[in-house]
Amino acid sequence: MSIILKYPFMVFVLSLAVLWLSVWMGVFLARKLRPVKDAERVDLDLVTSASLTMLALIIGFSFSMAVSRYDQRKNYEEEEANAIGTEYARADLLPSADGARVRQLLTQYLDQRLLFYTIHDARQLESIDRETTRLQTEMWSTVQSVAKTGPNPIVGLAVVGMNDVLNRQGYTQAAWWNRIPVGAWSLMVTLAVCCSMLIGYGARPTGGLLFMVLPFLVAIAFFLIADIDSPRQGVIRVVPRNLASLSQSLQGH
């Protein structure tokens, strides 16, 4: 199920099909196995309304979770751009050769961070991760050697800035891994299936296209939640505007 959640369009198609079949399963139960008695219809309507209300609440909570994670990814992109730009400026505090080396590495590192947001191929992402780790090691080794050779508060600012650059990348990666739990999705799907069956079970004999309304609306809600919660495969994605703007400004130096 975790693989399916990475592809919002697949979530939409599968949820629409499953919920539509659930409605017709409820219709089959009502028409063939156990028709709804008139004395039970009021109680059935009450149970159906309560179930739909619970489904709406859970969908709302899940949507809120997805939006908060999306906002978190956007905020970390901004913070990462600020950290790289600050350390690029603080490289002037280092000896000229080391400062030039740090600026060169930061420029390459910025290019890799831009690729992290724009590339969606798994193999390319693995290559980007390896290159990012290599650049992080080189940048830290450079400022660390300067700090060991001549420790002073000015060099310490460059060390702190580099530490912030490395930390922000870790925070960003953690935010991209942070998704809505599969258990929450399982609960939503189970409740949606039950609601669809109740709708079909309590429906009048003339259903027709009306049986598609609830599955279609719930499938759209699932698609939107999955889309916002999917950093790479969704339509709504985090655009690295701050990193791109920083890259353009550094090209002028």
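This is a predicted model, so every value here is computed, not measured.

J.: I'd like a rundown of the overall build of the protein, residues and numbers included.
T.: Looking only at helices and strands, the protein features 8 helices and 0 strands. Walking the protein from its N terminus toward its C terminus, one meets helices and strands in the order α-α-α-α-α-α-α-α. Rg of the C-alpha trace for the protein: 26 Å, well past the compact-globule value of 18 Å for 253 residues, more than 25% over. If one aligns the C-alpha atoms of the protein with their principal axes, the spans along those axes are about 90 × 30 × 25 Å. Taking all 253 residues of the protein together, the buried fraction comes to 40%. Here the contacts in the protein between residues at least 6 apart in sequence split such that 82% fall between residues at least 24 apart. Entry remark: accessible area of the protein is about 13700 Å², with carbon and sulfur atoms responsible for 64%.

J.: Before we move on, could you go through the environment of Asp92 and cite the residues and values that matter?
T.: On the secondary structure map, Asp92 appears in the loop between helix H2 (38-90) and helix H3 (96-118). It is 45 Å that separates the C-alpha atoms of Asp92 and Ile225, two residues lying 133 residues apart in sequence. For Asp92, the side chain forms a polar contact with the side chain of Arg103, separated by 2.6 Å.

J.: How would you sum up the nonpolar core? Please name residues and give values.
T.: Ile59, Ile84, Trp185, Val218 and Phe222 are the most contacted members of the largest nonpolar core, which totals 53 residues. Those elements giving two or more residues to this core turn out to be helix H1 (8-33), H2, H3, helix H4 (122-149), helix H5 (153-177), helix H6 (182-202), helix H7 (213-229) and helix H8 (241-251). In terms of residue count, H2 provides more of this core than any other element does, 9 residues in total. Ile59 has contacts with Met188, Val218, Ala221, Phe222 and Ile225, leaving out every residue within four places of it along the chain.

J.: Give a description of the packing of H4 against H5 that names residues and reports values.
T.: The geometry of H4 relative to H5 is characterised by a closest axis approach of 9 Å and an angle of 160° between their N-to-C directions. In terms of axis orientation, H4 runs roughly antiparallel to H5. As H4 runs across H5, the sense of the crossing is left-handed. Residues Asp129, Thr132, Gln136, Met139, Trp140, Val143, Val146 and Ala147 of H4 pack against Val155, Val159, Met162, Asn163, Leu166, Gln169 and Gln173 of H5. Taken together, the residues of the contact of H4 with H5 sort by class into 9 nonpolar, 5 polar and 1 charged.

J.: Before we move on, can you summarise the packing of aromatic side chains with the specific residues and values?
T.: Applying the stated rule across the entire model yields 9 aromatic pairs. When the ring of Tyr76 is compared with that of Tyr171, the centres are 5.9 Å apart and the planes differ by 35°; the resulting orientation is tilted. Of the two residues, Tyr76 is situated in helix H2 and Tyr171 in helix H5; the sequence distance between them amounts to 95 residues. For Tyr171, a relative accessible area of 39% translates into the label partly exposed.

J.: A description of the pattern of salt bridges should follow, citing residues and the corresponding values.
T.: For the coordinates displayed, the defined rule picks out 8 salt bridges. A salt bridge links Arg134 to Glu138; the shortest N-O distance between them is 2.3 Å. Remark: Glu138 and Arg134 occur in helix H4; sequence separation between them is 4 residues, near one turn of the helix. For the salt bridge of Asp164 with Arg168, the shortest nitrogen-to-oxygen distance reads 3.1 Å. Taken together, the positions of Asp164 and Arg168, both in helix H5 and 4 residues apart, correspond to about one turn of that helix. A relative accessible area of 28% means that Asp164 is categorised as partly exposed. The network of salt bridges with shared partners includes Arg101, Glu131, Arg134 and Glu138.

Cut-offs used in this document
- Residues numbered from 1 in each chain as written.
- Predicted model: local features only at pLDDT ≥ 70, side-chain atom pairs only at ≥ 80, totals over all residues.
- Heavy atoms only, no water.
- Helix = DSSP H or I, 4+ residues; strand = E, 2+ residues; numbered from the N terminus.
- Rg over C-alpha atoms; globule rule 2.2 N^0.38 Å.
- Buried < 20%, exposed > 50% of the residue type's maximum accessible area, 1.4 Å probe, protein only.
- Contact = heavy atoms within 4.5 Å.
- Areas by Shrake-Rupley, 256 points an atom, 1.4 Å probe, with all protein chains shown as cover.
- Polar contact = N/O pair within 3.5 Å; in protein donor to acceptor, adjacent residues only side chain to side chain.
- Core = buried A, V, L, I, M, F, W, Y, C linked by side-chain atoms within 4.5 Å.
- Axes fitted to C-alpha atoms, helices over the stretch in contact; angles between N-to-C directions.
- Parallel < 35°, antiparallel > 145°, perpendicular 65-115°, else oblique.
- Left-handed = near helix turned anticlockwise from the far one by under 90°.
- Nonpolar A, V, L, I, M, F, W, Y, C, P; charged D, E, K, R; others polar.
- Phe/Tyr/Trp six-rings, centres within 6.5 Å; stacked < 30°, edge-to-face > 60°.
- Salt bridge = Lys/Arg side-chain N within 4 Å of Asp/Glu carboxyl O.

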